[in-house]
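Architecture at a glance
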Amino acid sequence: MIDTKSPADHTTTSAPGVRDLEIVPVRNYGRWIAAVASLLALVGLIGSLAKNDNLHWDVVGRYLFADLIFDGLTTTLWLTAAAMLLGLGLGTLIAVMRLSASPVLYGLANAFVWVFRGTPLLVQIIFWGYAAALYKYVKIGIPFTEVTFFQAETNTLLTPAIAALLALGLNEAAYASEIVRAGIQSVDPGQAEAAHSLGMRPALTMRRIVLPQAMRVIIPPMGNETINMLKMTALVSVISAHDLMSNIQDVYAQNYQVIPMLVVASLWYLALVTLLGVPQAWLERRYGRGTTRAGHVSPFRRLLGGTVERLGKNSKERNR
């Protein structure tokens with residue numbers, strides 16, 4: 001019989017007449033030295049910040065859970081969620097258009113990506129915030145005629161929050177389209193051909209066959225885009241959209257405690273990014289099942305697993 005276990009799976013040798021020998025892994029002293037040096041540097045940095053009186057930790061504690069901060073967090077969270085939904089939906093449509101055989105759809109999708117990916121996000125936010133300078137009224141009607149079905153002032157429709165949502169969502173759509181396009185192209189074309197041979201329409205094939213398989217490639221960068229979107233909402237403070245950073249700026253404009261208030265903002269952004277990392281990791285494992293990297297275990301988990309295994313082994317030896 002052929003032994004299919006790898007050498008790492010064997011912990012002892014049991015040849016006849018020879019006592020069991022325990023296999024000891026190679027000790028990487030350089031790795032331990034680097035780990036100790038890194039921990040010492042981290043402890044030194046934390047200690048330096050904790051003892052720094054210029055940070056005014058009392059100010060940080062007073063404003064960390066203030067109502068004004070929670071109001072900004074609410075705006076930041078709904079802007080992130082809404083912009084990502086708009087960007088992902090529109091980005092998927094643009095990705096399909098870029099893969100279309102129609103030169104018109106392909107050209108329009110390329111032009112969209114070229115414009116919104118080629119200009120800075122800050123410029124787009126300011127543009128949408130001051131769109132009323134370009135068009136005073138928003139009209140819906142029959143082009144090149146006087147027939148108008150709907151008309152409203154641009155400043156009434158494009159509030160700072162709506163302008164921020166449009167800027168963030170359209171900019172994200174340009175990047176999301178490239179991520180979705182890469183995921184679609186990573187699927188074997190034979191999958192779509194097999195679905196078509198069974199009588200499935202192209203739209204159904206894309207929705208039921210191609211996109212589920214493409215999610216393995218789409219999820220990791222899209223999770224990073226979500227985290228990046230959360231942080232990029234801080235830019236909408238330039239048009240006073242009342243997000244977290246806008247409210248932080250309003251506070252330190254009055255009390256002149258710039259650094260403590262930036263620490264408050266940083267702590268909340270770090271907390272939110274940490275929470276977003278949990279569903280991203282779950283989705284990556286969910287859609288990565290059956291791949292080589294799906295079974296990858298982080299060094300921290302390996303350390304915990306090895307510690308638990310050694311404790312269990314020592315307990316069994318004591319019970320003998």
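The structure displayed is predicted, hence computed values, not measured ones.

Section: the packing of aromatic side chains
In the structure shown here, the tally under the stated rule is five aromatic pairs. Taking the centre distance of 5.9 Å and the plane angle of 85° together, the rings of Phe65 and Trp268 count as edge-to-face. Placement of the pair is Phe65 in the loop between helix H2 (57-63) and helix H3 (67-98) and Trp268 in helix H11 (residues 258-287), with a sequence separation of 203 residues. Among the residues examined, Phe65 registers a relative accessible area of 54% and is labelled exposed. Trp268 sits in the buried class, given a relative accessible area of 15%. Taking 4.5 Å as the distance between ring centres and 35° as the angle between the ring planes, the aromatic pair formed by Phe112 and Phe116 counts as tilted. Of the two residues, Phe112 and Phe116 both sit in helix H4 (residues 103-118), four residues apart, roughly one turn of that helix. For Phe112, a relative accessible area of 18% corresponds to the buried category. Ring pairs connect the aromatic residues Phe65, Phe70 and Trp268, which therefore count as one cluster.

Structural notes on the nonpolar core
Of all hydrophobic cores here, the largest spans 25 residues; its most connected members are Ile125, Ala164, Leu168, Val180, Ile218, Met222 and Val236. Only H3, helix H5 (121-129), helix H7 (160-185) and helix H9 (202-232) provide two or more residues apiece to this core. If one sorts the elements of this core by residue count, H7 sits on top with nine residues. Setting aside residues up to four positions removed in sequence, Leu168 forms contacts with Ala83, Leu121, Ile125, Met229, Met232, Thr233 and Val236. By size, the runner-up hydrophobic cluster in this structure holds 21 residues, among which are Val60, Ala66, Tyr252 and Ala265.

Let's talk about helix H1 (residues 29-50)
Look at H1: 32 Å from first C-alpha to last across 22 residues, which is about the 32 Å you get at 1.5 Å a residue. Of all 22 residues that make up H1, zero are buried, and the element is exposed over most of its length.

Remarks on unusual backbone geometry
The backbone of His56 shows a phi angle near 55°, a positive value even though the residue is not glycine. Relative to the elements of secondary structure, His56 occurs in the loop between H1 and H2. Classification of His56 by relative accessible area gives partly exposed; the value is 33%. Despite not being glycine, Tyr256 has its phi angle at roughly 60°, a positive value.

Section: the confidence of the model for the protein
For the protein, per-residue confidence averages 83 on the pLDDT scale, and 84% of positions sit at 70 or higher. Confidence scores differ between elements of the protein, with strand S1 (residues 12-13) showing the lowest mean pLDDT of 50 and H4 the highest of 94. Below a pLDDT of 50 lies the segment residues 1-11, which in the model reaches six contacts outside its immediate sequence neighbourhood of four places, other chains included.

Rules and cut-offs
Along each chain, numbering runs from 1 in the same order as the chain's sequence is written. Under the rules for a predicted model, residues below a pLDDT of 70 receive no local features and side-chain atom pairs below 80 are neither given nor counted, while totals for whole chains, interfaces and linings still include all residues. Note that water and hydrogens are dropped before the side-chain values are worked out from all heavy atoms of the structure. Stacked, tilted and edge-to-face are the three classes assigned to paired rings of Phe, Tyr and Trp, where Trp is represented by its six-membered ring and a pair needs centres within 6.5 Å; plane angles under 30 degrees give stacked, over 60 edge-to-face, the rest tilted. Secondary structure counts use DSSP, requiring at least four H or I residues in a row for a helix and at least two E residues in a row for a strand, with both numbered from the N terminus. Summary of the burial criterion: residues with accessible area below 20% of their type's maximum are buried, those above 50% are exposed, and those between are partly exposed, where the area comes from a 1.4 Å probe applied to protein chains only. Only buried residues count toward a nonpolar core, which is a set of Ala, Val, Leu, Ile, Met, Phe, Trp, Tyr and Cys residues joined through side-chain atoms within 4.5 Å. Here, two residues are considered to be in contact whenever any of their heavy atoms come within 4.5 Å of each other. Expected helix span is taken as 1.5 Å per residue step, with the number of steps being one fewer than the number of residues. The quantity known as pLDDT measures the predictor's confidence residue by residue, on a range of 0 to 100.

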